[in-house]
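# Summary of the model geometry
Here's the letter readout for the chains.
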Amino acid sequence: MKNNKFNTTAIREGYQATNEQEHSEAIFLTSSFKFDSAEQAAARFAKEEPGNIYARFTNPTVDAFERKLAALEGADGCVATSSGMAAIFATIMALVKSGDHIVASRNMFGTSIVLLNTIISKFDIGVSYVDLSDLSQWKSAVASNTKLFLLETPSNPLGEVVDIVALSEISRANDILLAVDNAILSPALQTPIKLGADIVIHSATKYIDGQGRCLAGAVLGNTNIIEQISAFTRATGPSLSAFNAWIVLKGLDTLSLRMEAHSKNALKVATWLKNQPQVEKVYYLGLESHPHHQLAKKQQSGFGGIVSFEVAGGQAAAFKLINATEIFSITANLGDTKSTITHPATTTHSRLSDEEKVNANIADGLIRLSIGLEDADDLIADIDKGLSV
Ligand SMILES: *Cc1c(COP(=O)(O)O)cnc(C)c1O
């Protein structure tokens, strides 16, 4: 089914019905699998015969999710994990060793930075941080022991973008693996491997589930990379449960429809915000005024659901607005049918010093929206209430 387009692949790829001929994918809630004979058990363990052994290694529901996501990202293979952080940790631990060096973008997801600074740093692995979109910084951060470039594009909350094709030329020339966390756009809007990345990482908790129901993650890449990641997860155990695999598997069916609707809603909200006198700045990649709009247009097929804006009056005005909304959920989560609102300076970015916040443009009046699938007019009216109080 390799030549089908996105939606056909998202709905049809990856699952083979059992003898029961179930039409919807079954959930295999089993920790282990039986063998027909002692000989078959021996053959499975010797890897002479393919097949399931134990759910920490493989499970048919998890396999179906992995095959479908690999087809959508244009990857040879996929290892599903219990969360996005498990996917990032597995990638680093499987591919980087003590004495190696990682270059990472400064504005990655907060816990990714915490992981690098507090856990990875214990293994004598060096980390240098660079500004995501500045290719010269990536280039000059390369050392003889650099093994991995790790980044998210676009960044959250401000939507900075790096040119993946150009960065992959730098990584390739230096024998470095390029890993892109694609959680903010999903394969419906961006496929980094097709642009030259070696690895795609997902928090499927976000848009792939899309309905705020479970944690899940994934790592995608070529066969050699996937074998190494898979060996790591088999031995350490952050495997995705069959039940959660079923949720994200069904999430993929509607992914591109949802991403299109998120993007359309977000553009409406961002365009409206831009015309409000109390709003000093709007950060949305779909607006032509965003400095990375053209680059995003080139490498993405849509702009996604994250909209950030700065209100006049700093933290007090931002808190007032957040508290006045009734539809938006006050939560730092994103990628849900339900719209969410958060104040980055005191939540997701509170670990930054005042100076780091200024450098990163995380102003006191900055508010981040994850635009859901409610009606845009209602969301706009909800924000307007907060602006007028
Ligand atoms: C949420 C998120 C993660 C972490 O994923 P979990 O599923 O919460 O572990 C990693 N990267 C990005 C970009 C995220 O938004």
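Note that the structure is a prediction, hence the values are computed from the model and not measured. (Residues numbered from 1 in each chain as written. Predicted model: local features only at pLDDT ≥ 70, side-chain atom pairs only at ≥ 80, totals over all residues. Heavy atoms only, no water.)

Once that is clear, we can look at the nonpolar core. Of all hydrophobic cores here, the largest spans 34 residues; its most connected members are Phe65, Leu69, Ile208, Leu220, Leu240 and Val248. Of all the secondary-structure elements, those providing two or more residues to this core are α3 (60-73), β1 (77-81), β7 (217-221), α9 (242-253) and α10 (255-274). When residues of this core are assigned to their parent elements, the largest contribution, six residues, is made by α3. Counting only domains with at least three residues in this core, you end up with domain 1 (6-254) and domain 2 (256-387). With near-sequence residues (within four places) excluded, Leu240 lies in contact with Val62, Phe65, Ala80, Thr81, Ser82, Leu215, Ala216, Ala245 and Val248. Counting residues in hydrophobic clusters, the runner-up holds 26 residues, among them Ala94, Ala104, Leu116 and Ile120. (Core = buried A, V, L, I, M, F, W, Y, C linked by side-chain atoms within 4.5 Å. Buried < 20%, exposed > 50% of the residue type's maximum accessible area, 1.4 Å probe, protein only. Helix = DSSP H or I, 4+ residues; strand = E, 2+ residues; numbered from the N terminus. Domains from an automatic or database assignment. Contact = heavy atoms within 4.5 Å.)

A word on the site of the ligand. In the vicinity of the ligand, the residues found are Ser83, Gly84, Met85, Phe109, Glu152, Asp181, Ala183, Ser203, Thr205, Lys206 and Ala216. One of the side-chain nitrogen or oxygen atoms of Lys206 is found 2.6 Å away from an oxygen atom of the ligand. Look at the ligand: alone it shows 380 Å² of surface, and the protein chains cover 92% of it. Each residue belonging to the shell around the ligand can be placed in one class, and the counts come to four nonpolar, four polar and three charged. (Near = heavy atom within 4 Å. Polar contact = N/O pair within 3.5 Å; in protein donor to acceptor, adjacent residues only side chain to side chain. Areas by Shrake-Rupley, 256 points an atom, 1.4 Å probe, with all protein chains shown as cover. Nonpolar A, V, L, I, M, F, W, Y, C, P; charged D, E, K, R; others polar.)

On to the sheet that holds strand β12 (residues 366-370), then. Strands sit in the order β8-β9-β12-β11-β10 across an open sheet of five strands; the sheet is mixed. Both edges of this open sheet fall to β8 (279-283) and β10 (329-330), since each of them pairs with a single strand only. (Pairing = 2+ DSSP bridges.)

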